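These are the residues of each chain, in order.
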Amino acid sequence: MMNDLMVFAALFFVGMFLGVFFFGGLWLTVQKSTLSRRPWLWFSISLALRTGVIFVGFYLIAPGGLVWLVSSLTGFVAARGLVIVVTRSFPVHQEQKEVPHASER
């Protein structure tokens, strides 16, 4: 019983690590792409990298069964809330360029 609890706690934290990587990477991508001349490149590479890491992580957890996946997915979802709370304290870096309306050109 105690060993199962330790395994579930470890899987929860593995899921949190994956979630912080995924959602933190998404936040970083949005921050960097707003200042980039090629935001599509930031989003494309970031999506491929983040999704690949998450797929590999959950693929390695999956042989343990459904309970292992649920434990890690719970940590993954909890990490989303953690990233939201942590990133709210950072200032938003956003340059706003004045673009004239089409009728004004």
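Going by the structure above, here's the rest.
Residues numbered from 1 in each chain as written. Predicted model: local features only at pLDDT ≥ 70, side-chain atom pairs only at ≥ 80, totals over all residues. Heavy atoms only, no water.

(A) Local environment of the overall build of the protein chain. From N to C terminus, the protein chain includes three helices and zero strands. Each helix and strand of the protein chain, ordered N terminal to C terminal, gives the series α-α-α. Here the protein chain, with 105 residues, has 23% of them falling under the buried criterion. Intrachain contacts of the protein chain at a sequence separation of at least 6 include 71% that bridge at least 24 residues. Looking at the protein chain as shown, the accessible area adds up to about 8100 Å², and 71% of this sits on carbon and sulfur atoms. (Helix = DSSP H or I, 4+ residues; strand = E, 2+ residues; numbered from the N terminus. Buried < 20%, exposed > 50% of the residue type's maximum accessible area, 1.4 Å probe, protein only. Contact = heavy atoms within 4.5 Å. Areas by Shrake-Rupley, 256 points an atom, 1.4 Å probe, with all protein chains shown as cover.)

(B) Representation of the packing of helix H1 (residues 2-33) against helix H2 (residues 39-61). The contact between H1 and H2 brings their axes to 9 Å, and the two run at 175 degrees. With respect to H2, the axis of H1 lies roughly antiparallel. Contacts from Leu11, Val14, Leu18, Phe21, Phe22, Gly25, Leu26, Thr29, Val30, Lys32 and Ser33 in H1 reach Pro39, Trp42, Phe43, Ser46, Leu49, Arg50, Thr51, Val53, Ile54, Gly57, Phe58 and Ile61 in H2. (Axes fitted to C-alpha atoms, helices over the stretch in contact; angles between N-to-C directions. Parallel < 35°, antiparallel > 145°, perpendicular 65-115°, else oblique.)

(C) Summary view of the packing of aromatic side chains. Under the criterion given, the structure shown has six aromatic pairs. Pairing Phe23 with Phe76 gives two aromatic rings, centres 5.2 Å apart and planes at 45 degrees, and the pair type is tilted. You can see Phe23 sitting in helix H1 and its partner Phe76 sitting in helix H3 (residues 66-87), a full 53 residues away along the chain. Using a relative accessible area of 17% as the deciding quantity, one classes Phe23 as buried. (Phe/Tyr/Trp six-rings, centres within 6.5 Å; stacked < 30°, edge-to-face > 60°.)

(D) Just the environment of Phe8, in detail. Position of Phe8 among the secondary structure elements: in helix H1. For the pair Phe8 and Leu69, spaced 61 residues apart in sequence, the C-alpha separation works out to 9.7 Å. The contact partners of Phe8, leaving out residues within four places of it in the chain, are Val67, Trp68 and Ser71.

(E) Expanded view of H2. Taking 1.5 Å per residue as the helical rise, H2 with its 23 residues ought to reach 33 Å, and the 33 Å between its terminal C-alpha atoms agrees with that figure. Along H2, the residues that are buried comprise Ser46, Arg50, Ile54, Gly57, Phe58 and Ile61. Residues of H2 that are buried sit in contact with H1 and H3. (Expected span 1.5 Å × (residues − 1).)

(F) Up close: the environment of Ser89. By secondary structure assignment, the location of Ser89 is in the segment after H3. A distance of 2.7 Å separates a polar side-chain atom of Ser89 from the backbone oxygen of Val86. (Polar contact = N/O pair within 3.5 Å; in protein donor to acceptor, adjacent residues only side chain to side chain.)

(G) Spotlight on a nonpolar patch on the surface. Where nonpolar side chains cluster on the molecular surface, the patch consists of Val20, Leu82, Val86 and Phe90 and spans about 320 Å² of accessible area. Relative to the elements of secondary structure, Leu82 occurs in helix H3. With a relative accessible area of 40%, Leu82 lands in the partly exposed category. (Patch = residues over 30% accessible without salt bridge, like charges linked within 9 Å, V, L, I, M, F, W, Y side chains within 5 Å. Salt bridge = Lys/Arg side-chain N within 4 Å of Asp/Glu carboxyl O.)

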